[in-house]
Amino acid sequence: MPENATQHKTAGPYSPVLEVKGTNLVFLSGQASLDVEGNTIGDTIEEQTHVTIEHCIKQLKEANCTLDNVVEVTVYLADLSEWDRFNAVYRDYFKAPYPARTAVGVQLLNNFKVEITMRAVKHHE
């Protein structure tokens, strides 16, 4: 785990971002719309999606990556009927060629509407 990576204080036993040395692979654990105290931020899918992706950007930065390095995204949605609204925000952050992506409808913790994991390939330094 990059030494300055942080997560909310209610987090479980996992690394928020994991860089696998020698492979140029970076893995993000599920990110959600939380403040540092572990409180949910935002009431709508749009608000929560923005905050969640911004958290992903912050974690990627700890491994010297950006969204341009992301090759795969997994999206967990509490309500699949909000898929189009989620995609409207997601498109603000990614450009073609888009990462591979899987979306799953699930029951999420707290009042989360979305949780996102990402896998990235770090460019040679």
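Refer to the structure above for everything that follows.
All of these numbers come straight from a predicted model, not from anything done at the bench.

## Considering the environment of Ile 57
Then step 1. Within the element layout of this structure, Ile 57 appears in helix H1 (residues 45–62).
Then step 2. We classify Ile 57 as partly exposed; its relative accessible area is 28%.
Then step 3. Expressed as a C-alpha distance, the spacing of Ile 57 and Tyr 93, which sit 36 residues apart in the sequence, is 9.8 Å.
Then step 4. Setting aside residues no more than four positions away along its own chain, Ile 57 makes contact with Leu 67 and Tyr 93.

## Topic: the pattern of salt bridges
Then step 1. Using the criterion set out here, one finds five salt bridges in the structure.
Then step 2. Between Glu 72 and Arg 119 there is a salt bridge, with its nearest N and O atoms 3.1 Å apart. Residue Glu 72 is located in strand S3 (residues 70–77), and its partner Arg 119 is located in strand S5 (residues 114–121); the two are separated by 47 residues in the primary sequence.
Then step 3. Taking relative accessible area as the criterion, Glu 72 reaches 34% and is therefore assigned partly exposed.
Then step 4. Between Lys 113 and Glu 82 there is a salt bridge; the shortest N-O distance is 3.7 Å.

## Some thoughts on a nonpolar patch on the surface
Then step 1. A contiguous nonpolar patch, built from Leu 25, Phe 27, Val 71 and Val 121 and spanning about 270 Å² of accessible area, is present on the exposed surface.
Then step 2. Inspection of the secondary structure assignment puts Val 71 in strand S3.

What counts, and where the lines are drawn
Residues numbered from 1 in each chain as written. Predicted model: local features only at pLDDT ≥ 70, side-chain atom pairs only at ≥ 80, totals over all residues. Heavy atoms only, no water. Helix = DSSP H or I, 4+ residues; strand = E, 2+ residues; numbered from the N terminus. Buried < 20%, exposed > 50% of the residue type's maximum accessible area, 1.4 Å probe, protein only. Contact = heavy atoms within 4.5 Å. Salt bridge = Lys/Arg side-chain N within 4 Å of Asp/Glu carboxyl O. Patch = residues over 30% accessible without salt bridge, like charges linked within 9 Å, V, L, I, M, F, W, Y side chains within 5 Å. Areas by Shrake-Rupley, 256 points an atom, 1.4 Å probe, with all protein chains shown as cover.

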